[in-house]
Amino acid sequence: EIPQRTGNAKKFDIFVRMLLSAVAQESDSVYIDVLTARDLEMLRRHANPQGPPTTSTAGQSDKRYLILTYRAEFDKVHYPLPLPLDERTEEEVLRALVTNLRTELADTKQVVSNLQQQQQQQQQ
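In this text the structure is predicted, and so the values were computed from the model without any measurement.

Let's shift gears to the pairing of strand 3 (residues 75–82). Pairing of strand 2 (residues 64–72) with strand 3 involves eight bridges; the strand directions are antiparallel. The residue bridging L68 from the neighbouring strand is Y79, located in strand 3. In this antiparallel pair of consecutive strands, strand 2 and strand 3, the connection spans two residues.

This part covers the side chain of T36. Take T36: it is sitting in strand 1 (residues 30–36). Apart from residues lying up to four places away in sequence, T36 is in contact with K63, R64 and Y65.

Tallied over the entire structure, the rule returns one aromatic pair. Seen from their ring centres, F15 and Y79 are 5.3 Å apart, and the 75° between their planes marks the pair as edge-to-face. Here Y79 lies in strand 3 and F15 lies in helix 2 (residues 12–23), a separation of 64 residues in the sequence. Each member of the pair, F15 as well as Y79, carries the same accessibility label: buried.

A separate point is the confidence of the model for the protein. Considering every residue of the protein, the mean pLDDT works out to 81; 81% of them sit at 70 or more. The secondary structure element of the protein with the lowest average pLDDT is helix 1 (residues 2–5), at 56, and the one with the highest is strand 1, at 90.

So, on to helix 4 (residues 91–123). Across its 33 residues, helix 4 extends 48 Å between first and last C-alpha, which sits within 8% of the 48 Å expected from 1.5 Å per residue. Those residues of helix 4 that fall on the buried side of the exposure criterion are L94, V98 and L105. Where the residues of helix 4 are buried, they touch helix 2, strand 1 and strand 2.

All right, on to the pattern of salt bridges then. One pass over the full model with this rule turns up three salt bridges. Of the charged contacts, one joins E91 and R95 as a salt bridge, the two residues approaching to 2.5 Å between their closest N and O atoms. You can see E91 and its partner R95 sitting in helix 4, four residues apart, about one turn around the helix.

What counts, and at which threshold
Starting afresh in each chain, residues are numbered from 1 along the sequence in its written order. In keeping with the predicted nature of the model, local features appear solely for residues at pLDDT of at least 70, side-chain atom pairs appear and are counted solely at 80 or more, and the whole-chain, interface and lining totals rest on all residues. Values shown for side chains rest on all heavy atoms present in the structure; no hydrogens or waters enter the calculation. When DSSP locates at least two bridges between a pair of strands, those strands are taken to pair. A run of H or I in DSSP counts as a helix once it spans at least four residues, and a run of E counts as a strand once it spans at least two, with each numbered from the N terminus. By definition, residues are in contact when any of their heavy atoms lie within 4.5 Å. Stacked, tilted and edge-to-face are the three classes applied to pairs of Phe, Tyr and Trp rings, where Trp contributes its six-membered ring and a pair requires centres within 6.5 Å; stacked means planes under 30 degrees apart, edge-to-face means over 60, and tilted covers the rest. Only protein chains enter the accessibility calculation, which uses a 1.4 Å probe; a residue is then buried when its area is under 20% of its type maximum, exposed when over 50%, and partly exposed in between. Across the chain, each position has a pLDDT score giving the predictor's confidence in that residue, from 0 to 100. The span one expects for a helix is its residue count, reduced by one, times 1.5 Å. Salt bridge, as applied in this entry: a Lys or Arg side-chain nitrogen positioned within 4 Å of an Asp or Glu carboxyl oxygen.

Right, dumping it as structure tokens:
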């Protein structure tokens, strides 16, 4: 749903691979940021300065978004993913979240590698 709302629809598996690539920092074309609702609003205004006014972010000041950005030669698309509100949300907590995601990615890569090795051994 999120890739479709940006106007640059991606299939789910492609979107997931983009997200994993950004978390693992495997490519310069995709990267992630964590932004507040106010930061996201400034991004929208910068992208479309003459667009219609958007709703106030006053009540959403604590809301955070994980922004997956895809950058190509003539294109730049932001995919905002809302993060669950955490009353303790501070920069350190957000950094810990990214660290945890990177650890999970490394663990998943290890599992995939082990499965591939098992599959190769069975084929021999």
